[in-house]
Amino acid sequence: MKRIQAWAKHYKRELTAVAYALKHKETPWYAKVLAMVVVGYALSPIDLIPDFIPVLGYLDDLLIVPLGIALTVKMIPSEVFEQCREQAENQPLEKGRHIVAAVVIIGLWTILLLWVTNLLFHWIN
(Lines give C-alpha, C1' and ligand atoms only; values in the text may rest on other atoms or scores of the structure.)
Protein backbone atom coordinates (compact mmCIF):
# COMPACT_ATOMS: atom_id res chain seq x y z
CA MET A 1 0.00 0.00 0.00
CA LYS A 2 2.87 2.37 0.78
CA ARG A 3 4.34 1.77 -2.69
CA ILE A 4 1.05 2.76 -4.31
CA GLN A 5 0.84 5.90 -2.18
CA ALA A 6 4.45 6.80 -3.04
CA TRP A 7 3.74 6.21 -6.74
CA ALA A 8 0.63 8.41 -6.62
CA LYS A 9 2.49 11.16 -4.76
CA HIS A 10 5.30 11.03 -7.32
CA TYR A 11 2.91 11.43 -10.26
CA LYS A 12 1.01 14.20 -8.51
CA ARG A 13 4.30 16.08 -8.07
CA GLU A 14 5.29 15.35 -11.69
CA LEU A 15 1.91 16.64 -12.90
CA THR A 16 2.44 19.80 -10.86
CA ALA A 17 5.89 20.18 -12.44
CA VAL A 18 4.32 19.77 -15.90
CA ALA A 19 1.82 22.50 -14.99
CA TYR A 20 4.71 24.78 -14.03
CA ALA A 21 6.47 23.91 -17.29
CA LEU A 22 3.47 25.40 -19.11
CA LYS A 23 4.45 28.81 -17.73
CA HIS A 24 8.20 28.43 -18.25
CA LYS A 25 9.47 30.59 -21.10
CA GLU A 26 12.04 28.00 -22.24
CA THR A 27 9.50 25.19 -22.66
CA PRO A 28 9.05 24.50 -26.40
CA TRP A 29 5.62 25.30 -27.81
CA TYR A 30 4.90 21.67 -28.79
CA ALA A 31 5.68 20.54 -25.23
CA LYS A 32 3.34 23.24 -23.92
CA VAL A 33 0.54 21.95 -26.16
CA LEU A 34 0.99 18.39 -24.90
CA ALA A 35 1.35 19.63 -21.31
CA MET A 36 -1.98 21.48 -21.63
CA VAL A 37 -3.66 18.30 -22.85
CA VAL A 38 -2.12 16.15 -20.10
CA VAL A 39 -2.88 18.58 -17.27
CA GLY A 40 -6.35 19.25 -18.66
CA TYR A 41 -7.13 15.54 -18.93
CA ALA A 42 -5.77 14.83 -15.45
CA LEU A 43 -7.89 17.59 -13.92
CA SER A 44 -10.94 16.83 -16.03
CA PRO A 45 -13.90 15.33 -14.21
CA ILE A 46 -14.76 13.59 -17.50
CA ASP A 47 -12.72 10.55 -18.55
CA LEU A 48 -12.54 8.83 -21.92
CA ILE A 49 -13.42 5.59 -20.15
CA PRO A 50 -15.90 6.20 -17.30
CA ASP A 51 -14.71 5.01 -13.89
CA PHE A 52 -17.83 2.92 -13.27
CA ILE A 53 -16.71 0.42 -15.94
CA PRO A 54 -14.90 -2.33 -13.99
CA VAL A 55 -11.11 -2.38 -14.41
CA LEU A 56 -11.10 -0.41 -17.68
CA GLY A 57 -12.48 2.67 -15.95
CA TYR A 58 -9.32 3.17 -13.95
CA LEU A 59 -6.89 2.21 -16.71
CA ASP A 60 -6.94 5.71 -18.17
CA ASP A 61 -5.97 7.16 -14.79
CA LEU A 62 -3.25 4.54 -14.32
CA LEU A 63 -1.90 4.52 -17.88
CA ILE A 64 -2.89 7.54 -19.97
CA VAL A 65 -1.93 10.24 -17.46
CA PRO A 66 1.48 8.76 -16.49
CA LEU A 67 2.32 8.08 -20.15
CA GLY A 68 1.30 11.63 -21.05
CA ILE A 69 3.47 13.00 -18.25
CA ALA A 70 6.43 10.87 -19.37
CA LEU A 71 6.09 11.99 -22.99
CA THR A 72 5.79 15.63 -21.97
CA VAL A 73 8.87 15.38 -19.74
CA LYS A 74 10.87 13.97 -22.69
CA MET A 75 9.93 17.00 -24.81
CA ILE A 76 11.09 19.55 -22.22
CA PRO A 77 14.82 20.33 -21.83
CA SER A 78 16.06 18.55 -18.69
CA GLU A 79 17.40 21.68 -16.98
CA VAL A 80 14.06 23.43 -17.50
CA PHE A 81 12.10 20.51 -16.11
CA GLU A 82 14.41 20.23 -13.10
CA GLN A 83 13.58 23.86 -12.29
CA CYS A 84 9.88 23.02 -12.63
CA ARG A 85 10.31 19.99 -10.34
CA GLU A 86 11.97 22.15 -7.69
CA GLN A 87 9.16 24.67 -7.99
CA ALA A 88 6.56 21.89 -7.68
CA GLU A 89 8.35 20.57 -4.58
CA ASN A 90 8.54 23.99 -2.91
CA GLN A 91 5.27 25.53 -4.15
CA PRO A 92 2.40 23.10 -4.74
CA LEU A 93 -0.37 24.54 -6.91
CA GLU A 94 -3.05 26.56 -5.16
CA LYS A 95 -6.35 24.79 -4.53
CA GLY A 96 -8.45 27.59 -6.05
CA ARG A 97 -6.79 27.12 -9.41
CA HIS A 98 -8.10 23.55 -9.62
CA ILE A 99 -11.66 24.86 -9.54
CA VAL A 100 -10.98 27.39 -12.30
CA ALA A 101 -9.23 24.72 -14.38
CA ALA A 102 -12.14 22.32 -13.87
CA VAL A 103 -14.66 24.94 -15.01
CA VAL A 104 -12.59 25.67 -18.13
CA ILE A 105 -12.20 21.97 -18.90
CA ILE A 106 -15.93 21.30 -18.45
CA GLY A 107 -16.60 24.23 -20.79
CA LEU A 108 -14.26 22.76 -23.41
CA TRP A 109 -15.88 19.30 -23.11
CA THR A 110 -19.30 20.96 -23.50
CA ILE A 111 -18.19 22.83 -26.64
CA LEU A 112 -16.73 19.60 -28.07
CA LEU A 113 -19.94 17.70 -27.31
CA LEU A 114 -22.08 20.38 -28.94
CA TRP A 115 -19.82 20.44 -32.00
CA VAL A 116 -19.94 16.64 -32.40
CA THR A 117 -23.71 16.63 -31.89
CA ASN A 118 -24.06 19.33 -34.54
CA LEU A 119 -21.92 17.34 -36.98
CA LEU A 120 -23.92 14.18 -36.38
CA PHE A 121 -27.21 16.03 -36.73
CA HIS A 122 -26.16 17.45 -40.10
CA TRP A 123 -24.77 14.09 -41.23
CA ILE A 124 -28.05 12.30 -40.42
CA ASN A 125 -30.17 14.91 -42.18
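Residue numbers run consecutively from 1 along every chain, following the written order of its sequence. The model is predicted, so local features are restricted to residues of pLDDT at least 70 and side-chain atom pairs to those at 80 or more, both for listing and for counting; the totals for chains, interfaces and linings are taken over all residues. Where side-chain values are given, they derive from all heavy atoms of the structure, hydrogens and water being excluded.

**Details of the side chain of Thr27**
Move 1: Labels follow the DSSP assignment, with helices taken as runs of H or I lasting at least four residues and strands as runs of E lasting at least two, numbered in each case from the N terminus. Tracing the sequence through the fold places Thr27 in the loop between α1 (2-23) and α2 (29-43).
Move 2: For Thr27, a relative accessible area of 5% puts it in the buried group.
Move 3: A polar atom in the side chain of Thr27 sits 2.7 Å from the backbone oxygen of Ala21.
Move 4: The criterion used for residue contact is that any of the two residues' heavy atoms lie within 4.5 Å. Setting aside chain neighbours within four positions, we find Thr27 in contact with Ala21, Lys32, Ile76 and Val80. Burial classification: accessible surface area is computed with a 1.4 Å probe over protein chains only, and a residue below 20% of its type maximum counts as buried, one above 50% as exposed, and the rest as partly exposed. Here a polar contact is recorded for every N or O atom pair within 3.5 Å, except that within protein the pair must consist of a potential hydrogen donor and a potential acceptor, and residues adjacent in sequence are included only if both atoms are side-chain atoms.

**Some words on the layout of surface pockets**
Move 1: The calculated volume of the second largest pocket comes to roughly 200 Å³.
Move 2: If you trace the second largest pocket, you find 13 residues lining it, with Trp7, Asp61, Leu62, Val65 and Pro66 closest to the centre.
Move 3: Counting only elements with at least two residues in the lining of the second largest pocket, the list comes to α1, α2 and α3 (56-75).
Move 4: Counting residues per element, the lining of the second largest pocket draws most heavily on α3, which supplies five residues. Only protein atoms enter the calculation, which uses a 1 Å grid: trapped sets of points that fit a 1.4 Å probe without letting it out are cavities, open sets showing protein on both sides within 12 Å along at least five of seven lines are pockets, and any residue with an atom within 4 Å of a point is a lining residue. Grid points are joined across faces, edges and corners, and a volume is the space filled by probe spheres set on the points.

**Side note on the environment of Tyr30**
Move 1: As for its position among the elements, Tyr30 is in helix α2.
Move 2: The partly exposed category is assigned to Tyr30, whose relative accessible area is 41%.
Move 3: Spatially, the C-alpha atoms of Tyr30 and Met75 are 7.9 Å apart, while their sequence positions differ by 45 residues.

**A few points about α1**
Move 1: One less than the number of residues in a helix, times 1.5 Å, gives the span that helix is expected to have. Between its first and last C-alpha, α1 extends 32 Å over 22 residues, near the 32 Å set by a 1.5 Å rise per residue.
Move 2: Every buried residue belonging to α1 is among Glu14, Leu15, Thr16, Ala17, Val18, Ala19, Tyr20 and Ala21, and all of these are buried.
Move 3: Its buried side turned inward, α1 meets α2, α3 and α4 (78-90).

**Some thoughts on the packing of α1 against α2**
Move 1: Lines fitted to the C-alpha atoms define the axes, with helices restricted to the stretch that makes contact. Angles between their N-to-C directions range from 0 to 180 degrees. One can describe the packing of α1 onto α2 by two numbers: an axis separation of 9 Å at closest approach and a directional angle of 135°. Relative to α2, the element α1 is oriented oblique. Crossing handedness for the pair α1 and α2: left-handed. Every residue of α2 that contacts α1 at Leu15, Val18, Ala19, Ala21 and Leu22 is listed here: Lys32, Ala35, Met36, Val38, Val39 and Ala42.
Move 2: A breakdown of the residues in the contact of α1 with α2 according to their chemical character gives ten nonpolar, no polar and one charged. Comment on the angle field: the value is read as roughly parallel under 35 degrees, roughly antiparallel over 145, roughly perpendicular from 65 to 115, and oblique elsewhere. By convention the crossing between two helices is left-handed if the near helix lies anticlockwise of the far one by an angle smaller than a right angle, and right-handed if it lies clockwise. Side-chain classes are defined by residue name, with Ala, Val, Leu, Ile, Met, Phe, Trp, Tyr, Cys and Pro counting as nonpolar, Asp, Glu, Lys and Arg as charged, and the others, Gly among them, as polar.

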